[in-house]
Amino acid sequence: MTIEPKIPVGILGATGSVGQKFIELLSNHPWFEITELAASERSINKKYKDAVNWILSSPLPQQIGNLEVKKCEPELNCRIVFSGLDSSIAGEIEEEFANNGYTVISNSKNHRMDKDVPLLVPEINADHLELIKTQPYKGGMIVTNPNCSTIGMVLALKPLLDNFGIEEVNVVTLQALSGAGYPGVASMDITDNVVPFISGEEEKLETEPKKIFGKFNLNKIENLNLKISAQCNRVPVLDGHLECIQVKLKNKTKINEIKNAWLTFLGEPQKLRLPSAPLKPLYYFDEDRYPQPRIHRNIENGMAVSIGRLREDPLFDYKFVILSHNTNRGAAGGSILCAELIKAKGYI
Ligand code: NAP
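Residue numbering note: each chain is counted from 1, following its sequence as written. pLDDT decides what is reported in this predicted model: residues at 70 or higher carry local features, side-chain atom pairs at 80 or more are listed and counted, and totals for whole chains, interfaces and linings draw on all residues regardless. Side-chain measures here rest on the full set of heavy atoms in the structure, leaving out hydrogens and waters.

J.: I keep staring at the overall build of the chain and nothing clicks. Help me out?
T.: By the criteria applied, helices consist of DSSP H or I runs no shorter than four residues and strands consist of E runs no shorter than two, each listed in order from the N terminus. Scanning the chain from N- to C-terminus turns up twelve helices and 14 strands. Seen through its C-alpha atoms, the chain measures out along the principal axes to roughly 60 × 50 × 40 Å. Per-residue accessibility, obtained with a 1.4 Å probe over protein chains only, is compared with the maximum for each type, and a residue is labelled buried under 20%, exposed over 50%, and partly exposed between these values. The buried share of the chain, reckoned over its 348 residues, is 56%. Two residues qualify as a contact provided that any one of their heavy atoms is within 4.5 Å of a heavy atom in the partner residue. By sequence separation, contacts in the chain at least 24 residues apart represent 75% of the contacts at least 6 residues apart. For the chain, the exposed area adds up to about 15700 Å²; of that, 48% sits on carbon and sulfur atoms. Side-chain charges of the chain comprise 39 positive and 42 negative groups, with the mean position of each set lying 3 Å from the other. Computed with the Shrake-Rupley method and a 1.4 Å probe, the accessible areas treat only the protein chains shown as cover for residues. Positive charges come from Lys and Arg alone, negative charges from Asp and Glu alone, with His and the N- and C-terminal ends not counted. For the purpose of locating charges, the reference atoms are NZ of Lys, CZ of Arg, CG of Asp and CD of Glu.

J.: Help me understand the sheet that holds strand 5 (residues 103-106) in this model?
T.: In any sheet, the strands associate via hydrogen bonds between backbone groups, in a parallel or an antiparallel arrangement. Spatially, six strands are ordered 3-2-1-4-5-6 in an open sheet, and the strand pairing comes out parallel. The outermost strands of the open sheet, each flanked by one partner alone, are strand 3 (69-71) and strand 6 (141-144). Ignoring which end each strand starts from, the neighbouring axes of this sheet average 30 degrees apart. Here, strands pair whenever DSSP counts at least two bridges between them. Two elements, strand 4 (residues 80-83) and strand 5, share four bridges in a ladder whose sense is parallel. What sits directly across from Ile80, in strand 5, is Thr103. Under this scheme, a helix contributes an axis fitted over its contacting stretch, all axes are lines through C-alpha atoms, and angles between N-to-C directions fall in the 0 to 180 degree range.

J.: Please clarify how the pattern of salt bridges should be interpreted in this entry.
T.: Between side chains of opposite charge, a pair can form as their charged atoms come close. Salt bridges are defined by distance alone: a side-chain nitrogen of Lys or Arg within 4 Å of a carboxyl oxygen of Asp or Glu. Counted according to the given criterion, the structure contains 14 salt bridges. A salt bridge links Arg329 to Glu123, with the nearest nitrogen and oxygen atoms 2.7 Å apart. In this pair, Arg329 is assigned in helix 12 (residues 328-344) and Glu123 in helix 5 (residues 122-125), connecting sequence segments 206 residues apart. Taken together, the salt bridges that share partners define one network made up of Glu41, Lys71 and Glu73.

J.: Where do I start with the packing of aromatic side chains in this structure?
T.: How two aromatic rings sit relative to each other is given by the distance of their centres and the angle of their planes. Aromatic rings from Phe, Tyr and Trp, with only the six-membered ring used for Trp, were paired whenever their centres fell within 6.5 Å, and each pair was classed as stacked if the ring planes differed by under 30 degrees, edge-to-face if by over 60, and tilted otherwise. Scanning the entire structure with this criterion turns up eight aromatic pairs. Here the aromatic rings of Tyr48 and Trp54 are separated by 6.5 Å at their centres, their planes lie at 80 degrees, and the arrangement is edge-to-face. Across this residue pair, the class does not change: Tyr48 and Trp54 are buried. Each ring, one from Phe285 and one from Tyr290, has its centre 5.7 Å from the other, and the planes form 90 degrees; the classification is edge-to-face. Among the aromatic residues, those joined into a ring-pair cluster are Phe22, Trp31, Phe32 and Phe82. Seen from the ring of Tyr290, Arg289 lies directly overhead, with NZ or CZ sitting 4.8 Å from the centre. Note on geometry: a ring has a charge over it if NZ (lysine) or CZ (arginine) is within 6 Å of the ring centre and within 35 degrees of the ring normal.

J.: I would appreciate a short explanation of the packing of helix 1 (residues 17-26) against helix 12 in the present structure.
T.: For any two helices packed against each other, one specifies the inter-axial angle together with the distance between the axes. Contact pair helix 1 / helix 12: the axes reach a minimum separation of 9 Å and the direction vectors enclose 50 degrees. Taken together, helix 1 and helix 12 sit at an angle that is classed as oblique. Note on packing geometry: the crossing formed by helix 1 with helix 12 is right-handed. Across the interface between the two elements, Val18, Lys21, Phe22, Leu25 and Leu26 of helix 1 pack against Asn328, Ala331, Ala332, Gly333, Ser335 and Ile336 of helix 12. Each angle receives one of four descriptions, namely roughly parallel if under 35 degrees, roughly antiparallel if over 145, roughly perpendicular if within 65 to 115, and oblique otherwise. Note on convention: the crossing is left-handed when the near helix lies turned anticlockwise from the far helix by less than a right angle, right-handed when the turn is clockwise.

J.: Help me out: how do you make sense of the layout of surface pockets in this one?
T.: Using a 1 Å grid laid over the protein atoms alone, points where a 1.4 Å probe fits but cannot get out form a cavity; open sets with protein on both sides within 12 Å along at least 5 of 7 lines form a pocket; any residue with an atom within 4 Å of a point counts as lining. Grid points are joined across faces, edges and corners, and a volume is the space filled by probe spheres set on the points. Each pocket or cavity is described by its volume, and for the largest pocket that value is around 1200 Å³. Lining the largest pocket are 44 residues, and of these Leu85, Asp86, Gly179, Ala180 and Gly181 lie nearest its centre. Elements that contribute at least two residues to the lining of the largest pocket include exactly helix 1, helix 4 (87-99), helix 8 (201-212) and helix 12. Looking at the lining of the largest pocket, its residues break down into 15 nonpolar, 22 polar and seven charged. These domain limits were set by an automatic method or by a database of domain assignments. Mapping the lining of the largest pocket onto the domain boundaries places at least three of its residues in each of domain 1 (7-147 + 332-344) and domain 2 (148-325). Its volume calculated, the second largest pocket comes out at about 550 Å³. Forming the boundary of the second largest pocket are 24 residues, of which Ile55, Leu56, Ser178, Leu238 and Asp239 lie nearest the centre. By residue number, the principal contributor to the lining of the second largest pocket is helix 1, which donates four residues. Throughout, the ten residues Ala, Val, Leu, Ile, Met, Phe, Trp, Tyr, Cys and Pro are labelled nonpolar, Asp, Glu, Lys and Arg are labelled charged, and all others, Gly among them, are labelled polar.

J.: Would you explain the pairing of strand 5 in this entry?
T.: It is a general feature of regular strands that their side chains alternate between the two faces of the sheet. Here strand 5 shows no split at all, with Thr103 and Ile105 on one side and Val104 and Ser106 on the other all buried. Regarding the hand of the β-α-β motif, the stretch spanning strand 4, helix 4 and strand 5 is right-handed. Alignment of strand 5 against strand 6, held across four bridges, turns out to be parallel. The residue of strand 6 that forms the bridge with Ile105 is Val143. When the strands point away from the viewer, a crossover counts as right-handed if the route from the first strand across the helix to the second turns clockwise.

J.: Got a minute to help me understand the pairing of strand 1 (residues 7-12) in this structure?
T.: Of all six residues that make up strand 1, five are buried, and the element is covered over most of its length. Of the strand pairs in this sheet, strand 1 and strand 2 (residues 32-39) are connected by six bridges, and their pairing is parallel. By the bridge assignment for strand 2, Pro8 is matched with Glu33. Crossover strand 1 to strand 2 through helix 1 is right-handed.

J.: So what exactly am I meant to see when it comes to the sheet that holds strand 13 (residues 305-312) here?
T.: Ordered by their spatial adjacency, six strands build an open sheet running 10-7-11-14-13-12, and the pairing between neighbours is mixed. Only two strands of the sheet have a single partner each, and these edge strands are strand 10 (227-234) and strand 12 (282-285). Sheet twist, expressed as the average angle between the axes of neighbouring strands with direction ignored, equals 20 degrees. Taken together, the five bridges between strand 13 and strand 14 (residues 318-324) define a ladder with antiparallel strand orientation. Bridging across to strand 14, Arg311 finds its partner in Lys319. Its contacts with the sheet put helix 6 (residues 148-164) on strand 7 (166-175), strand 10, strand 11 (241-249), strand 12, strand 13 and strand 14, and the angle it makes with strand 11 is roughly 25 degrees. Relative to the sheet, helix 8 contacts strand 7, strand 10 and strand 11, its axis offset from that of strand 10 by approximately 145 degrees.

Listed below in structure tokens is the structure:
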């Protein structure tokens, strides 16, 4: 039996909150091997261990710590780049890489709503990868990972959409500090406090699901017509976004049928047995006090969404609470799953 060599990958924005999570998750990956790390002027030409303020509890792997941090220019010795770049500069840099033959998997908002760029949640819209064939990039491609709060919400909504149809959604989020990057929100702002504003977040939650749930038709996505209202809050939790969701369904149903739809939900990554795919994308808890960030964020390596508190709602039809890990499923883990799907489907 021949063993396929691992695909060399680079991380743009390797020193940031998402970049560090990429390093943790890719360090023992069966298909991918980190060969390049890149970040800003502040970090380049330094050894990674000297440039980074490592904030994860797992130790920084020695061989990664000794890699030199390079400029974010398309001269990196790798095939795929995972981007955890700040959105102020991500757009152009990612295009440059795609134009030079790299497969770019991005966590930034810049290209998410481009007509020819898949906004991918592998369990939901694997067929949107066909958009890659319409991209103008010379030899390369850009695929994007949705906003971290969007990912958890759409995974919980997908079985409801498929089984009962959805008319309207209302969501109130309680989002973790790591979602603001490093060093993030000032301690004087968030200690003993909640901040009821996250710049740009509500718009993302209200628009991205329409594209993700859209239909791929004749080389483009027809967005789903869905009314969503979002309110986003920053809370003093380190990792894990909690979201209180209300839904109005097209076809009325019973609580047990909704729970059953969640518990039986599987997608393409589970069928393909992709290395980062959770065995079950959705977990439902009957305990009234669940889900909770500290207790449930790491289920299935932070790749599963935890759901609880499903009950009837006097305004909408039902309400429930979800929890998903913002830097795993919501960023680095979700992006790695996208790359695995792209490889498994033969796009690279
Ligand atoms: P972060 O901690 O602030 O990290 C930003 C990274 O970008 C750092 O590595 C930084 O390098 C690099 N960078 C900044 N300016 C640069 C420049 N001019 N040229 C090259 N590199 C530059 O942010 P983050 O939380 O990891 O987020 C990264 C991206 O992912 C953002 O677009 C964010 O919206 C998105 N995202 C974040 C999360 C999350 O939960 N945190 C979830 C989903 C999506 P230096 O350290 O060298 O300055």
